[in-house]
Amino acid sequence: MYEKYVKILKDHTLKITSPRLEVLKYLDEHHTHPNVEEIYSSLKKTHPSLSRTTVYNSLEILKKNRIVQSLAISGSELRYDIDERLHHHFICNRCGAILDISIACPNMDKTLQGGHRVEEVQGYFKGICKKCQTKEKGRSNNG
Ligand SMILES: [Zn+2]
Ligand SMILES: [Zn+2]
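Residues numbered from 1 in each chain as written. Chains lettered and ligands numbered in written order. Predicted model: local features only at pLDDT ≥ 70, side-chain atom pairs only at ≥ 80, totals over all residues.

Engineer: What is the right way to read the overall build of the chain from this model?
Structural biologist: Looking only at helices and strands, one finds six helices and five strands in the chain. Order of helices (α) and strands (β) in the chain, N terminus to C terminus: α-α-α-α-β-β-β-β-α-β-α. Reported as C-alpha extents along the three principal axes, the dimensions of the chain are approximately 55 × 50 × 30 Å. Burial statistics for the chain: of 143 residues in total, 15% are counted as buried. Sequence-distant contacts, at least 24 apart, represent 49% of the contacts inside the chain between residues at least 6 apart. (Helix = DSSP H or I, 4+ residues; strand = E, 2+ residues; numbered from the N terminus. Buried ≥ 20, exposed ≤ 12 C-beta atoms within 10 Å, placed from the backbone. Contact = placed C-beta atoms within 7 Å.)

Structural data, given as structure tokens:
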């Protein structure tokens, strides 16, 4: 079940280590844009010897190799995302959820025409997510 992640590391000529595989797997299975703390505390349950520093270092290496990307959406806290395609995000002001929005950036063509190579696009939409809106409606119907 780790084959997919072994291949990713190999393709980037990275050393295959257990923490790197675990971090990749976690991000692949949780498209919720977790921060280091979330990844660490979740992995620690099954890998008690894992340290926060190791998780952080693994993320940094994966980031350097453009396997994962980090988003500085909520203040200074970094959120991690394995989806390397360029995409935008929707942030819910109420529950803090960060959702992927797969729309092409309308400014991309112009940027590329300038001969630049785009490696990162950070577009954020903020509002109230569908879940929270449903919750709100439920409340007002009841009262
Ligand atoms: Zn929400
Ligand atoms: Zn994302």
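Still to come is the rest of the account.
Engineer: Would you take a moment to explain the environment of Lys-64 for this structure?
Structural biologist: Its place among the elements puts Lys-64 in helix H4 (residues 52–64). On the basis of neighbour count, Lys-64 is assigned to the exposed category, with 11 C-beta atoms found within 10 Å.

Engineer: Is there a simple way to think about the nonpolar core in this case?
Structural biologist: Across soluble globular proteins, nonpolar side chains show a tendency to be buried alongside one another. Ranked by size, the top nonpolar core spans 15 residues in total, and within it Val-23, Ile-39, Val-55, Leu-59, Leu-62 and Val-68 carry the most contacts. At the level of elements, helix H1 (3–11), helix H2 (18–29), helix H3 (36–46) and H4 are the ones that each hand at least two residues to this core. Considering every element that reaches this core, the biggest residue donor is H3, with four residues. (Core = buried A, V, L, I, M, F, W, Y, C linked by C-beta atoms within 7 Å.)

Engineer: Explanation requested: the sheet that holds strand E4 (residues 98–101) in the structure shown.
Structural biologist: Strand pairing in a sheet relies on backbone hydrogen bonds. The paired strands run either parallel or antiparallel. Spatially, E4-E3-E5 is the arrangement adopted by the three strands of the open sheet, whose pairing is mixed. Of all the strands in the sheet, just E4 and strand E5 (124–127) have a single pairing partner and so form its edges. Neighbour-to-neighbour, the strand axes of the sheet open up by a mean angle of 25°, direction not taken into account. Where strand E3 (residues 88–92) lies against E4, four bridges are found, and the strand directions are antiparallel. Counterpart to Ile-91 in the pairing with E4 is Ile-98. (Pairing = 2+ DSSP bridges. Axes fitted to C-alpha atoms, helices over the stretch in contact; angles between N-to-C directions.)

Engineer: So what exactly am I meant to see when it comes to the domain arrangement of the chain here?
Structural biologist: Interfaces are often described in size by the accessible area the parts lose on coming together. The domains assigned to the chain are domain 1 (1–84) and domain 2 (85–143). One C-alpha centre belongs to domain 1, the other to domain 2; they are set 22 Å apart. Facing the nine residues of domain 1 at the interface are 10 residues of domain 2. Here the side of domain 1 that touches domain 2 is composed, by residue class, of two nonpolar, four polar and three charged. (Domains from an automatic or database assignment. Nonpolar A, V, L, I, M, F, W, Y, C, P; charged D, E, K, R; others polar.)

Engineer: I'm lost on H3 in this one. Help?
Structural biologist: It helps to recall that an α-helix has 3.6 residues per turn; residues three or four apart then point in one direction. Every buried residue of H3 is accounted for by Val-36, Ile-39, Tyr-40 and Leu-43. Projected down its long axis, H3 carries its buried residues within an arc of 95°, all on one side. Exposed side of H3, more than 90 degrees from the buried face: Glu-37, Ser-41 and Lys-45 are the residues found there. At its buried positions, H3 is contacted by H2, H4 and strand E2 (79–81). (Arc of directions from axis to C-beta.)

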